[in-house]
Amino acid sequence: MGSIKLENVTKSFGDVAVIPPLNLEINEGEFVVFVGPSGCGKSTLLRLIAGLEDVSSGNIYIDGADATGIRPARRGLAMVFQSYALYPHMSVRNNIAFPLKMAGMAAAEIDRKVMGAAEVLNLTDYLKRRPGQLSGGQRQRVAIGRAIVREPKAFLFDEPLSNLDAALRVNMRLEISELHQKLKTTMVYVTHDQIEAMTMADKIVVLRKGVIEQVGTPLELYRNPANLFVASFIGSPKMNFLKGKEAARHDAHTIGIRPEHLSISRQEGLWKGTVGVAEHLGSDTFLYVTLADGSQVTVRAAGEVELSHGDSVYISAETDRIYRFGPDGLALK
Amino acid sequence: MATDHSRIAARLMISPAVLLLLGWMVVPLSMTIYFSFLSYNLLSPGTEEWIGLVNYEFFLTDPAFFAALGNTLLLVGGVLLITIVGGVGLALLLDQPMWGQGIVRILMIAPFFVMPTVSALVWKNMFMNPVNGLFAHLAKFLGVAPFDFLAHAPLFSVVIIVAWQWLPFSTLILLTAMQSLDQEQLEAAKMDGAKKFRRFFHIVLPHLSRAITVVILIQTIFLLSIFAEILVTTNGGPGYASTNITYLVYAQSLLQFDVGGGSAGGIIAVILANIVAVFLMRMIGKNLEA
Ligand SMILES: Nc1ncnc2c1ncn2[C@@H]1O[C@H](COP(=O)(O)OP(=O)(O)O)[C@@H](O)[C@H]1O
Ligand SMILES: [Mg+2]
């Protein structure tokens, strides 16, 4: 239970084509993350799967059955919205119970399920409160609770963590991952944050302007980005790109080197440069270095590195970790 | 208003307005109270004398008072019912995307800008007139006897006229409230398996409760003192069939020239309005809390 297949799906608003023909398969039990910059059509794609938008053409299959024209509730999917979309006039208990009441379930059964979900999500003490009396993280959990009581075929999340502060985001990321381990239900998760994608996904779908740029596991995308866009989008800090003479030496139009594959030294190295800003995080140090030819590169050095603004340094790259790209932006083998 | 200094300055600055409003209220109120204890008839000037509570006794034991009290409540209740139910319905319709939305909305508000006397006369002469009215023509076209609304259902007719005037107000407030509903809540309800009707009752209506409360409170204040519509259509009749408290006070003081009795009626009307206000706040006031 819980496989989703999109076949030649397109979506236009008026005469603006947001999703050109798109094919995608999501396997049972997978945690799939749609990632891409803002406005690239991630939410639209998710809403098409949910049935909140009609496809302009193409078909959507859920568990092998054509679900294209079926209304949202019948698709057996549950969605967690970015704004949480809790019902403000209902208590937490009634919020979580709402889908079960709509399904006409017996009161005792509803109670049992709500208590079960509340326990999993640490909401037992808050069942009587209204959403307005909860913190952001608690609201998020209520929204998830409302989704899990339905025991859906798949969960759809639309940027669920973007309204939380950084510390809470890390927590909730773990909680959602743990939930996936426990439930083993298919999850489709939308985010513009590549860190969320890398940390949570079994499979990442990178989108740009409605087009799938690459599909793969986090490490596949990290090791073998198909093009410049994926290369610059996946990984943090961003990959460094060099053109011109350096690229030509590698028979490429552009070469890319990740900050963590560069090493820095005061004495010797491939390129000479000057340290601009140095960010000391303790565990890592990020150095923004201007090379002799004027290009800027970011270098990650492990641990505490005693370098600061204006220092002269030499930089070398691990030669087997240089990515090469052609003039069309595609990766060269 | 953080500091003592700014608090004092603020009080000083609003005090002229407060004093003016207070005078505006206190002077007529105390004069009315004073008159209500006098035997004061305009037909026999110079014979005013203190008669204590006789005016009140007279007004409260008058059968017309109970008729008027009932009519006032029916009028307020009837108009509220029509404007709230109709307003929610119209707001739902106007909230749908459609061609010419802007113009339709402006047309919707139009009745609110027509003076009460004018709209009541239009209804009386062009719609409800048993000979020339539109309804009479319609009845004749359908082959039934025309109905003389103002003679046979006077209070109902007044309710219809007043409701027509106030419908735009409630529609507008409810429409604004409806547009502030987070669409994602409706979508969440859709995914949760709630169909149209249940989405309306579980999501839309609770969201509107505060706006409905505001409409009820504001309208009640104005509806308790409906006067012009009655004056130009039924004159409170036949008998007392469409007389409300406001109209009864008018009849007492200006048709029977009994200023004392009218004043007593006025004070009673003020007390009744306060009772209604307390009841309303008890019943629906909690909707206004955050
Ligand atoms: N209801 C709509 N009507 C018209 N255009 C829309 C609508 N919804 C989304 N769009 C457009 O579709 C594009 C993709 O939007 P969206 O899926 O929300 O992006 P994302 O979630 O990736 O940030 C945007 O350019 C947006 O303006
Ligand atoms: Mg989005």
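Being a predicted model, the structure only gives us computed values, none of them experimental.

Asker: I would appreciate a short explanation of the confidence of the model for chain B in the present structure.
Answerer: Regions with low pLDDT should not have their predicted coordinates read in detail. For chain B, the mean per-residue pLDDT works out to 88, and 99% of the residues sit at or above 70. For this predicted complex, the interface confidence comes out at an ipTM of 0.84, alongside a pTM of 0.82.

Asker: Explanation requested: the pattern of salt bridges in the structure shown.
Answerer: Working definition: two side chains of opposite charge can pair if their charged atoms are close together. Residues and elements named next belong to chain A. In total, this model carries 17 salt bridges over all chains according to the counting rule given. Between K42 and E159 there is a salt bridge; the shortest N-O distance is 4.0 Å. A residue pair is termed long-range when its members are at least 10 positions apart, and K42 in helix α1 (residues 42–50) and E159 in the loop between β7 (154–158) and α5 (166–183) qualify at 117 residues. Since its relative accessible area comes to 4%, K42 is described here as buried.

Asker: Would you mind showing me how to read the interface of chain A and chain B here?
Answerer: Interface size is commonly expressed as the accessible surface area that is lost when the partners come together. Between chain A and chain B, the contact holds 24 residues from the first and 16 residues from the second. Both faces considered, chain A and chain B share a buried interface measuring about 1,700 Å² in area, 60% of it formed by carbon and sulfur atoms. Among the residues of chain A in contact with chain B, Y87, H89 and M102 of chain A are the three that bury the most area, contributing 30% of the side total. Where chain A touches chain B, the interface holds three salt bridges. Between D192 of chain B and R146 of chain A there is a salt bridge whose closest N-O contact spans 3.7 Å. One can count seven residue pairs in polar contact (both at pLDDT 80 or more) joining chain A with chain B. Looking at the side of chain A that touches chain B, the elements with two or more residues in it are α1, β6 (77–80) and α2 (92–102) of chain A. The leading source of residues in the side of chain A that touches chain B is α2 of chain A, at four residues.

Asker: When you look at a positive patch on the surface in this model, what are you seeing that I'm missing?
Answerer: Positive charge collects at one region of the surface, where R71 and R74 of chain A together with K195 and R198 of chain B lie side by side. By the element assignment, R71 of chain A lies in the loop between β5 (65–66) and β6. For R71 of chain A, a relative accessible area of 34% corresponds to the partly exposed category.

Asker: Sorry, what's going on with the packing of aromatic side chains here?
Answerer: Where two aromatic rings form a pair, the distance of their centres and the angle of their planes describe that pair. Scanning the entire structure with this criterion turns up 27 aromatic pairs over all chains. On the basis of an interplanar angle of 70° and a centroid distance of 5.5 Å, the ring pair of F112 of chain B and W166 of chain B is categorised as edge-to-face. One end of the pair, F112 of chain B, is in the loop between α4 (101–109) and α5 (116–127); the other, W166 of chain B, is in helix α8 (residues 154–179), and 54 residues separate them in sequence. On the basis of relative accessible area, W166 of chain B is assigned to the buried category, the value being 10%. Relative to F201 of chain B, the ring of F200 of chain B lies with its centre 5.1 Å away and its plane at 80°, an arrangement referred to as edge-to-face. On the accessibility criterion, F200 of chain B (18% relative accessible area) is buried. With relative accessibility at 47%, the residue F201 of chain B sits in the partly exposed group. These aromatic residues form a ring-pair network of at least three members: W123, F127, F135, F147, F149 and W164 of chain B. When the ring centre of Y61 of chain A is taken as reference, the NZ or CZ atom of K5 of chain A above it lies at 5.7 Å. We note R146 of chain A situated over the ring of Y87 of chain A; from NZ or CZ to the ring centre the distance is 4.6 Å.

Asker: What should I look at first to understand empty space enclosed by the protein in this one?
Answerer: It is a probe the size of a water molecule, rolled over the atoms, that shows where empty space is left. Within this structure, the stated rule accounts for one cavity of 30 Å³ or more. Of the pockets and cavities examined, the largest cavity occupies roughly 50 Å³. If you go around the largest cavity, the residues you meet are A78, M79, F81, R146, A147 and R150 of chain A together with A188, M191 and D192 of chain B. At the level of secondary structure, the elements contributing two or more residues to the lining of the largest cavity comprise β6 and α4 (136–148) of chain A together with α9 (183–191) of chain B. A breakdown of the residues in the lining of the largest cavity according to their chemical character gives six nonpolar, no polar and three charged.

Asker: So what exactly am I meant to see when it comes to the layout of surface pockets here?
Answerer: All names here are of chain B. What the largest pocket holds in volume is close to 650 Å³. Forming the walls of the largest pocket are 16 residues, and the residues nearest its centre are L92, Q96, L186, K196 and R199. Sorting the residues of the lining of the largest pocket by element identifies α3 (63–94), α9 and α10 (196–223) as the ones contributing at least two each. Here the lining of the largest pocket gets six residues from one element, more than from any other, and that element is α10. Taken together, the residues that form the lining of the largest pocket break down as nine nonpolar, two polar and five charged.

Thresholds, definitions, all that
- Residues numbered from 1 in each chain as written.
- Chains lettered and ligands numbered in written order.
- Predicted model: local features only at pLDDT ≥ 70, side-chain atom pairs only at ≥ 80, totals over all residues.
- Heavy atoms only, no water.
- pLDDT = per-residue confidence, 0-100.
- Salt bridge = Lys/Arg side-chain N within 4 Å of Asp/Glu carboxyl O.
- Helix = DSSP H or I, 4+ residues; strand = E, 2+ residues; numbered from the N terminus.
- Buried < 20%, exposed > 50% of the residue type's maximum accessible area, 1.4 Å probe, protein only.
- Contact = heavy atoms within 4.5 Å.
- Buried area = accessible area lost by both parts, 1.4 Å probe.
- Polar contact = N/O pair within 3.5 Å; in protein donor to acceptor, adjacent residues only side chain to side chain.
- Patch = residues over 30% accessible without salt bridge, like charges linked within 9 Å, V, L, I, M, F, W, Y side chains within 5 Å.
- Areas by Shrake-Rupley, 256 points an atom, 1.4 Å probe, with all protein chains shown as cover.
- Lys, Arg positive; Asp, Glu negative; His and termini not counted.
- Charge placed at Lys NZ, Arg CZ, Asp CG, Glu CD.
- Phe/Tyr/Trp six-rings, centres within 6.5 Å; stacked < 30°, edge-to-face > 60°.
- Lys NZ or Arg CZ within 6 Å of the ring centre and 35° of its normal.
- 1 Å grid on protein atoms, 1.4 Å probe; cavity = no way out; pocket = protein on both sides within 12 Å on 5 of 7 lines; lining within 4 Å.
- Points joined across faces, edges and corners; volume = space filled by probe spheres on them.
- Nonpolar A, V, L, I, M, F, W, Y, C, P; charged D, E, K, R; others polar.

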